[in-house]
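Examining the three-dimensional arrangement
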Protein chains: 2
Amino acid sequence: MFKKSLLVRHCFIWTLTFISLSAQCQKSENLVQYVNPIIGTEGMGHVYPGATVPFGMVQLSPDTDTIPYETDGHYNPDVYKYCAGYQYNDKTIVGFSHTHFSGTGHSDLGDFLIMPTVGKLQLNPGTADDPESGFRSRYSHNTEVTEADYYKVKLEDYNIIAELTTTARVGFHQYTFPKTDSAHIILDLMSGIYNYPDKNVWTFIRVVNDSLITGYRETSGWARTRTVYFAMQFSKPFIEYGSKNFSKPEPYRGFWGKFNQGKNFPSLAGRQLRMYFNFKTNEGEKIKIKFALSPVSQAGALNNLHVETPGWNFEKVKEKGQQLWNKELNKIVISADKDEKINFYTAMYHAFINPTIYIDEDGSYKGLDQNIHQVKGFTNYTTFSLWDTYRALHPLFNIIQPKRNGDMIKSMLAHYDQSVMHMLPIWSNSANENWCMTGYHAVAVLADAVVKGNTPFDANKALDACVTTARHRSYDGIGLYEDMGYIPVDKNSNGTSTTLEYAYDDWAIAQMAKKLNRMDIYKEFIKRSQNYKNVFDPSVGFMRARLSDGSFMKNFDPLSTSGQGFIEGNSWNYSFFVPQDPASLIQLMGGKKKFTDKLDTLFTMHLSDKFFAETEDITRDGIIGGYVHGNEPSHHIVYLYNWTDEPWKTQETVRMILNNQYHTGPAGLGGNDDTGQMSAWYIFSTIGFYPVAPGSPNYQIGSPAINSAILHLENGKTFSIEAKNQGDKNVYVEKMTLNGKPLNRLYITHNEIMNGGKLVFYMSDKHS
Amino acid sequence: MFKKSLLVRHCFIWTLTFISLSAQCQKSENLVQYVNPIIGTEGMGHVYPGATVPFGMVQLSPDTDTIPYETDGHYNPDVYKYCAGYQYNDKTIVGFSHTHFSGTGHSDLGDFLIMPTVGKLQLNPGTADDPESGFRSRYSHNTEVTEADYYKVKLEDYNIIAELTTTARVGFHQYTFPKTDSAHIILDLMSGIYNYPDKNVWTFIRVVNDSLITGYRETSGWARTRTVYFAMQFSKPFIEYGSKNFSKPEPYRGFWGKFNQGKNFPSLAGRQLRMYFNFKTNEGEKIKIKFALSPVSQAGALNNLHVETPGWNFEKVKEKGQQLWNKELNKIVISADKDEKINFYTAMYHAFINPTIYIDEDGSYKGLDQNIHQVKGFTNYTTFSLWDTYRALHPLFNIIQPKRNGDMIKSMLAHYDQSVMHMLPIWSNSANENWCMTGYHAVAVLADAVVKGNTPFDANKALDACVTTARHRSYDGIGLYEDMGYIPVDKNSNGTSTTLEYAYDDWAIAQMAKKLNRMDIYKEFIKRSQNYKNVFDPSVGFMRARLSDGSFMKNFDPLSTSGQGFIEGNSWNYSFFVPQDPASLIQLMGGKKKFTDKLDTLFTMHLSDKFFAETEDITRDGIIGGYVHGNEPSHHIVYLYNWTDEPWKTQETVRMILNNQYHTGPAGLGGNDDTGQMSAWYIFSTIGFYPVAPGSPNYQIGSPAINSAILHLENGKTFSIEAKNQGDKNVYVEKMTLNGKPLNRLYITHNEIMNGGKLVFYMSDKHS
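Residues numbered from 1 in each chain as written. Chains lettered and ligands numbered in written order. Predicted model: local features only at pLDDT ≥ 70, side-chain atom pairs only at ≥ 80, totals over all residues. Heavy atoms only, no water.

What follows is about the sheet that holds strand β33 (residues 698-701) of chain B. Within a sheet, adjacent strands bond to each other through the backbone by hydrogen bonds, running parallel or antiparallel. Residue and element names in this part refer to chain B. The antiparallel open sheet is built from 3 strands, whose spatial order is β32-β33-β38. At either end of the open sheet lies a strand with only one pairing partner, and these are β32 (689-690) and β38 (747-749). Two elements, β33 and β38, share 3 bridges in a ladder whose sense is antiparallel. Of the residues in β38, the one forming a bridge with Asn-698 is Thr-749. (Pairing = 2+ DSSP bridges. Helix = DSSP H or I, 4+ residues; strand = E, 2+ residues; numbered from the N terminus.)

Attention now moves to the sheet that holds strand β37 (residues 741-742) of chain B. All names here are of chain B. Pairing is mixed across the open sheet formed by 6 strands, whose spatial order is β20-β34-β35-β39-β36-β37. Since the sheet does not close on itself, it has two edges, and those belong to β20 (332-335) and β37, each with one partner. Inspection of the sheet shows β20 paired to strand β34 (residues 708-712) by 4 bridges, in the antiparallel sense. Bridging from a neighbouring strand, Ile-332 pairs with Leu-711 of β34.

In this structure, Phe-96 and Leu-711 of chain A together with Phe-96, Phe-689 and Leu-711 of chain B are the most contacted members of the largest nonpolar core, which totals 431 residues. In this structure, Val-201 and Trp-202 of chain A together with Trp-202 and Phe-204 of chain B belong to the second largest nonpolar core, which totals 12 residues. (Core = buried A, V, L, I, M, F, W, Y, C linked by side-chain atoms within 4.5 Å. Buried < 20%, exposed > 50% of the residue type's maximum accessible area, 1.4 Å probe, protein only.)

Moving on, we come to the interface of chain B and chain A. Between chain B and chain A, the residue contacts involve 56 residues of the former and 56 residues of the latter. Between chain B and chain A, roughly 4,900 Å² of surface is buried when both sides are summed, and carbon and sulfur atoms account for 58% of that area. At the junction of chain B with chain A, the criterion picks out 2 salt bridges. A salt bridge links Asp-476 of chain B to Lys-258 of chain A, with the shortest nitrogen-to-oxygen separation between them at 3.9 Å. Joining chain B to chain A, the criterion identifies 22 residue pairs in polar contact (both at pLDDT 80 or more). Mapped onto the side of chain B that touches chain A, the elements with two or more residues apiece are β13 (200-209), β14 (212-219), β17 (267-270) and α3 (298-308) of chain B. If you tally residues by element for the side of chain B that touches chain A, the top one is β13 of chain B, at 7 residues. Broken down by class, the residue content of the side of chain B that touches chain A amounts to 29 nonpolar, 15 polar and 12 charged. (Contact = heavy atoms within 4.5 Å. Buried area = accessible area lost by both parts, 1.4 Å probe. Salt bridge = Lys/Arg side-chain N within 4 Å of Asp/Glu carboxyl O. Polar contact = N/O pair within 3.5 Å; in protein donor to acceptor, adjacent residues only side chain to side chain. Nonpolar A, V, L, I, M, F, W, Y, C, P; charged D, E, K, R; others polar.)

Between chain B and chain A, the superposition needs a rotation of 180° and an axial shift of 0.0 Å, giving an RMSD of 0.0 Å. When the rotation and shift are considered jointly, the pair of chain copies conforms to a two-fold rotation axis. When C-alpha positions in chain B are compared against the rotation axis, the closest is assigned to Val-201 of chain B, at 3.2 Å. A share of 100% of interface residues in chain B that are also interface residues in chain A marks the association as one of identical surfaces. (Least-squares fit on C-alpha atoms with pLDDT ≥ 70 in both.)

This brings us to the packing of helix α8 (residues 402-418) of chain A against helix α9 (residues 442-451) of chain A. All names here are of chain A. Running from N to C, α8 and α9 point in directions that differ by 135°, and their axes come no closer than 11 Å. The angle between the axes of α8 and α9 places the two elements in the oblique class. Crossing angle aside, the handedness with which α8 passes α9 is left-handed. In this structure, α8 contributes Asn-405, Ile-409, Met-412 and Leu-413 to the contact, and α9 contributes Ala-442, Val-445, Leu-446 and Ala-449. Of the residues contributing to the contact of α8 with α9, the split by class is 7 nonpolar, 1 polar and no charged. (Axes fitted to C-alpha atoms, helices over the stretch in contact; angles between N-to-C directions. Parallel < 35°, antiparallel > 145°, perpendicular 65-115°, else oblique. Left-handed = near helix turned anticlockwise from the far one by under 90°.)

Right, let's talk about the packing of helix α7 (residues 393-400) of chain B against helix α8 (residues 402-418) of chain B for a bit. Residue and element names in this part refer to chain B. Where α7 contacts α8, the two axes come as close as 6 Å, and the packing angle between them is 130°. Between α7 and α8, the crossing angle belongs to the class labelled oblique. When α7 is examined against α8, the residues His-394, Phe-397, Asn-398, Ile-399 and Ile-400 are found in contact with a partner set consisting of Pro-402, Asn-405, Met-408 and Met-412. Split into classes, the residues belonging to the contact of α7 with α8 amount to 6 nonpolar, 3 polar and no charged.

Next comes the structure, spelled out in structure tokens:
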């Protein structure tokens, strides 16, 4: 059963007539209503409930705790829970900070935490157990409203209504106060996510006048050398202000002793600062704050503030932000029941948060080289979690965000130009590389775009960048890989999975080279792409760690993720990681029957607690049998049945995963959303196909979980999908037609989508 | 007796014919030969012997020790000796760093220390007692050559000849190595002057290729928020390189573990880094380094490097630097004996080091607001030690460096525009204000330029900036001063001397206002300028600390510098600080006779060791009687005899001070040169007059200590001074003529100088 609004029905009728949706219809479709940013905030989704616009630089969101990295000199494991600053089960809010990663497995950010209070001024956050001990406040989910680019909550300890919205570069706060002579707004410049000692490198502040503050904050965290500049404007002049420096004073203070820097002093700097601003308010009086960020300078932040938020109308800013979201969400208009729509559009929302723009209104940004660059002709992006996102997120962008994907690739090529390592990004953020995870998967993103013809960049230069990156012998075992055909685990502890990843990446480079007719490179890399075979042990039928002497490592345990040569996964999952050549893998594993059995076992085995405990980056919910959906290396596996004689198992298992792993509640994500990759998997799988091997133009057919979907393409064309007779039990694809003609294969091509048209699935409760 | 070279004789003859020197003669006059940067490097002169061009951004000089601010948790008093990095009596050199203050009473800088070594690689400096324990080396003054923009020494432990020269923004090193397979060049990014714990905020490094490194260093020292960017180029590729991070590692290193960051790793960052670069050298092989600085960016530093030092010819760079010096030194061509010339041109050299340019080749600089500014139409300067330099250095510039002085004032006005305090600089450096010392003496610099008609800036805007600064009630007692007419010492411990200084500064503002016909301002500030009377106690005949209740402080001791309300001085010296109104002061002190006696006493008293020990900022040599020449507040005092009936005492005492306080040896300066103020006093006094009250167009006549001096003015005119019959005993001015006509007064005016002409002193061994 599904319900649809009249509007949706209206649009649905339009699609049936094969006429692309009119602008009016696109405008009138309110899809923002289905987005719920609270989904995934409980458990390990690592998403935040606050406000942001699509791909925005600012992510303004409540932090329910600011857990220190260390307690009593020891790592505090709780810090990992707070990657996005918010945990649904927490009872207090510390404040609202301006930068958050969405769904990462590590963290940073949480810059410039703001908290409104009344009564006694407190300049420490206090503890969750004793909120009275600091400026934090109790809150209840009953008063919480979470929408795309809008967050609202009542701060119960202060009787203050907090509302947040944003533009791309400005956080817009609106605080409704009670009547009081002692209203405070705290600006905490020490607070941060994953805040270890000495993470705060420096802070610089100028109180320009009675309602404007500019400054910057330098941190050394996951991004090693990072500066965020800001400009903060109040809607109402403060009466007085002050600060406290929590770092130990420098020995030389000299003539600074002329001043009481703690009160009404406009020129502050130090390592650990908190500020406050005092007001008097009437009952229900709103104090608003515009808080602009810049990667470049205070002047840049101020310009961003003036250009993006010239006025003080909170509702207008919110409305504009939600219009931006609606425009992006309308790129795929589905008909489905409400829960499905909530899951789908929340997935769309999560997929359109990262990468984030990293450039000022005036076109300047800070590069990896820490120089300021002036951009010509593109928008610079950062937050590239490529080990995750090359799989489905960037391929999704190639369909419904091709212009942005082109700009993202231009940003990666700028990173390459600025890289003193001469490498494309691995995991880059805020003008920094953090080298997180394995492979050099930027090449897959570039190859996918080139193979699919989305090349608003210099494709040959892009290929050169891929090749130079892939030949960087001193990087993470590449020299060994080149010399031996695999990376021995006695030299590199993740050598086995890295070998598999490099082999796939090399295949992607080869596809790109072939497309560009650079056949020398094609030959070199298509050969390298066969290296996965070197870590396959036919005696056990699994991928297996190999040593420098050529032997396979002893004590093989395909379930263990520890010490077996695989990063964040076990051999059971990684053994299927040959997305570039499933047919050969099947041969290697003994043919289709054995391969099918092996897949069946993966999805049905019982994983003992011991092995679960070892499985990183997911909750128990993120695992189905031994299949780990909550982390990325297995995301393509379910589609591998398409190469066997039982592709219906792809269809039923995809549906099982969709049902099992994505829900509408706060705990609705089975693992970190990984900057949109989990959501992109959901979007593809829901509309019926998936890019098993980015760099290939083909998408493998799965089982559409909606009644229809209309893809509004940037080229003005429309690709419609209809799933006739689809339902919870009707998960099997009986037959398909493309533009009215039978489609007798298990994939569709990129061109078939981009040319526009209609794909009809005829669904059944029985598999063939 | 004096000797002169044929060249000097040649020029001398020219001057006698009243024809201004031809360009050829100016060119051929080698005055650089008289500069000896070693003067003042022993004791408390706080000057450095290394290389710099006039007003250069780079000061490349040997550091003989890098004393930590603290030893065992306690302040190390030796740190003060190393304000300029070099102490003549030290036996070892730690390395050569690129930034040094010249003659300051506090310090900072010492950025980017470079040391060439051979043999075993050592990455710590070691100790002076045991040079083998680190990379430092023994050296001898026998092998040392110190010239303007050239320094040479043999590093004995390594048999390396080190040579240094500079351009405005680039340090140029030339190291002549022995034959060795293990030549090293250390780049110490931790080392610094006045290096207290946590002074190093951050360091960022990129090894761009096998001979180019760029990066930056952030410090929080005397300049609180300071970043210096650099680009370093070797003349020869290094074979290998490495680094050591001496700061405690951050808890999160994560995937950086993929790398051995210690060796051949091009992307470094941290708080405490040292690097090394390895070479093989043949006997006598020279390795050269170009090391460019920028206040803006690495890209700016690299551009500075390319523009200023396109080639590798060390001699040519040195020659060009010395030509620049020669051009500046030729602005005053004196005839005198060789020692006098050495003292004079070394004083000219020291006077033309500060303020320093603070702007890139492309016209951009970092402002006080930490934003990058693009300059239109002027050169930006920093290093404004205004409590010192308003007295004689800027007045000297108004005569022989008017264009630069105009740019310096434009720089101060830019500082004012960028100041969130809305104040002109007090003591500013490297885009920072450190608030050092008292008064708001920038106004005297601005007033002096306006009154003298050197106004390539908006004079009315300058006046507004002065007024706003002087009305900043929350700054250092100004509110009290405005309300009470003096600053009570129970509210402000330096209140008495600050009252005197404000009163003088206010007079300067009044002169400026009068000149600009802003009579309201004139009236306000001429009234304020009388406030010095409020701290004069007629019962004791001295300036004396006053309390809030109007009473004078008990326990008055005119010799004590401690707890008496005076900064860096005692009442004996400060009681004469009414440069704006000596006639009234004389009345206040009981008339000319009593005043003369008092001055006599000052110059002849014996200061007990107790009081000497209290007297800050000078050595015993810096004191004559109770007169403290080694610090600034008394610099005008000797000229006050001109207001009495015995002006000849000015003449003989000036000569006594000149002889007593300035010598040609390493200990030749009696106190810190104070960024050129001590030297400017010397230059003025040597040519026969002195600006007692900057803001007045008049210069008080003293006693010329040269035979002749020709001032080559920027307006193309020449002002010649001849001192007929001048000699060690002929110190008294019998009569004077100006342009052939008798000059029957004890001052000359600025216009008389700038119009060109000739002033002739007729000297005698008897006073009238």
